[in-house]
Structure formats: structure tokens, C-alpha cells
Amino acid sequence: MRKLALVASMALLSACSAPQQEQINFTPEAVHSKNALVHGKTYSLSSKDIRSAQYVALVDSGRSSIEPIHSRQNVRIALENALAEQFKSQGFNLSVNSPDSVELDIQELLVNVKHSVMKNEMEGKVTLVLTVETPKGKLVKTYNGTSKKTGLLSASNSNIQEVLNDLVDHVLKEIANDKELQTYMQENFQ
């Protein structure tokens, strides 16, 4: 019995000391409009994360393996919330039973990192697709963002986090300032 308790406690301790997978904070920031475009028009919002893998960064340090880094936050929900906040500042109200809908598809969201002790190279890519559908028709828009950054020494998780969040914020700003999207929503949403 004593040996069983000793084995169980050693297994528990080794599980606690196992290395935890690296994670970074994914905090997309909504772009707030100074003036509402509309008042009282509603829409429903849905989203899909159709990326082939759920990590947000791949780190290649020149060794035999490439390490994936995941987001602490759910990427799909964080982006959906930022988008809803942007549309709200433009005067569009989120509703579950609106005939007008916006669907966000996350096709790509990744930072590739190559680093050594002396330098690092980070390359980020984001592709978001918005499908706006009304009883009158449909508008599909693709928003892309890329960034490249180099630095001295190896890249830290905070460096990777900064590149990822800055890139996504740039794409959200592009969505917020898209006149074609704004006009379509203004003219066709009820």
C-alpha cells in the first residue's frame, strides 16, 4: 500500500512539473467610429475558424523541431467580439433574429518566427473573409494583412504577441474604414 501511495504521488508531481505549452495573449482591438453611420439597423453575427491548425505562431530556432504557440484566448470569439464592437460604434445593433447577417471566416492567422541567439525574423499573415447577406443580396470581402519584422537577439513571446496583435488590429482598421462595406450595410440592412 505504501509503495502504491509513493508511486501515485511521484506520478502526480511529475505531471505538475511537465513543461506547459507556450501561450500568448491575443487581444484584437476594435476601431471605434466617432460618428454612427446608422441608427437602429440590426444584424446577426456568426464566425468560423477554418484554419488548418489552431496555433497562432510557429517558432523555428534552428533545432530539429518547430514549436507551435497557441493563444490564451479563443481566436474566433476574440475576433467576433472586436468586430461586433466596431459595428456597434457605427450604429449597427447585434440581434439574434435579424434577416441581415455577417459571417466572419478566419482563413489564416499566423506568425512564423525564425530565430537564433543573435537575430530574429518574424513574418505574420492574416486573412479574414466577411460575408454580408441580406434578403436583397450578398457581399463577400476578403481582408489580408502581412508584416515582416527583424530584430536583434532571439524573439520573445511578447515580441511575437506584439506582431500578431498589431497585424490583426491593422486588418480590423481596414474593415472599419471599408467604404464599400459601410455603404452596403447602410443601404441594405433593415
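Nothing here was measured: the structure is a model prediction, and the numbers come from that model.

Definitions and cut-offs
- Residues numbered from 1 in each chain as written.
- Predicted model: local features only at pLDDT ≥ 70, side-chain atom pairs only at ≥ 80, totals over all residues.
- Heavy atoms only, no water.
- Salt bridge = Lys/Arg side-chain N within 4 Å of Asp/Glu carboxyl O.
- Helix = DSSP H or I, 4+ residues; strand = E, 2+ residues; numbered from the N terminus.
- Pairing = 2+ DSSP bridges.
- Contact = heavy atoms within 4.5 Å.
- Polar contact = N/O pair within 3.5 Å; in protein donor to acceptor, adjacent residues only side chain to side chain.
- Core = buried A, V, L, I, M, F, W, Y, C linked by side-chain atoms within 4.5 Å.
- Buried < 20%, exposed > 50% of the residue type's maximum accessible area, 1.4 Å probe, protein only.

S.K.: Help me get a handle on the pattern of salt bridges, residues and values and all.
M.R.: Tallied over the entire structure, the rule returns eight salt bridges. Taking the shortest distance from any N to any O, the salt bridge between K48 and E103 comes out at 3.4 Å. You can see K48 sitting in strand 2 (residues 41–49) and its partner E103 sitting in strand 6 (residues 101–115), a full 55 residues away along the chain. The residue K148 makes a salt bridge to E123 at a minimum N-O spacing of 3.9 Å. In this pair, K148 is assigned in strand 8 (residues 137–152) and E123 in strand 7 (residues 119–134), connecting sequence segments 25 residues apart. Via salt bridges that share partners, K141, D178 and E180 belong to a single interconnected network.

S.K.: So, the pairing of strand 6: which residues are in play, and what are the values?
M.R.: Relative to strand 6, strand 2 runs parallel, the two being bridged by six bridges. Each bridged residue has a counterpart across the sheet, and for S47 the counterpart in strand 6 is L104. Summarising the sheet, strand 3 (residues 57–60) and strand 6 pair through four bridges and their orientation is parallel. The residue bridging V59 from the neighbouring strand is V113, located in strand 6. Across 14 bridges, the pairing between strand 6 and strand 7 is antiparallel. Pairing of I106 across the sheet is with L128, part of strand 7. Counting the residues that bridge the hairpin from strand 6 to strand 7 gives three residues.

S.K.: I'd like to hear about the environment of E121, residue by residue, with values.
M.R.: For E121, the position within the fold is in strand 7. Between the C-alpha atoms of E121 and L153, which are 32 residues apart in sequence, the distance is 9.9 Å. Leave out the neighbours within four places in its chain, and E121 touches N112, V113, K114, K149 and T150. Here K119 takes part through its side chain, which lies 3.4 Å from a polar atom of the side chain of E121.

S.K.: Provide a residue-level description of the nonpolar core, including the pertinent values.
M.R.: If you look at the biggest cluster of nonpolar residues, it comprises 44 residues, and the most contacted ones within it are L79, L109 and I160. Listed by contribution, the elements that provide at least two residues to this core are strand 2, strand 3, helix 2 (75–89), strand 6, strand 7, strand 8, helix 3 (157–176) and helix 4 (179–188). Per-element tally for this core: the top contributor is helix 3, with eight residues. Ignoring sequence-local partners within four residues, the contact set of L79 consists of F26, P28, L104, I106, L109, L128, V168 and L172.

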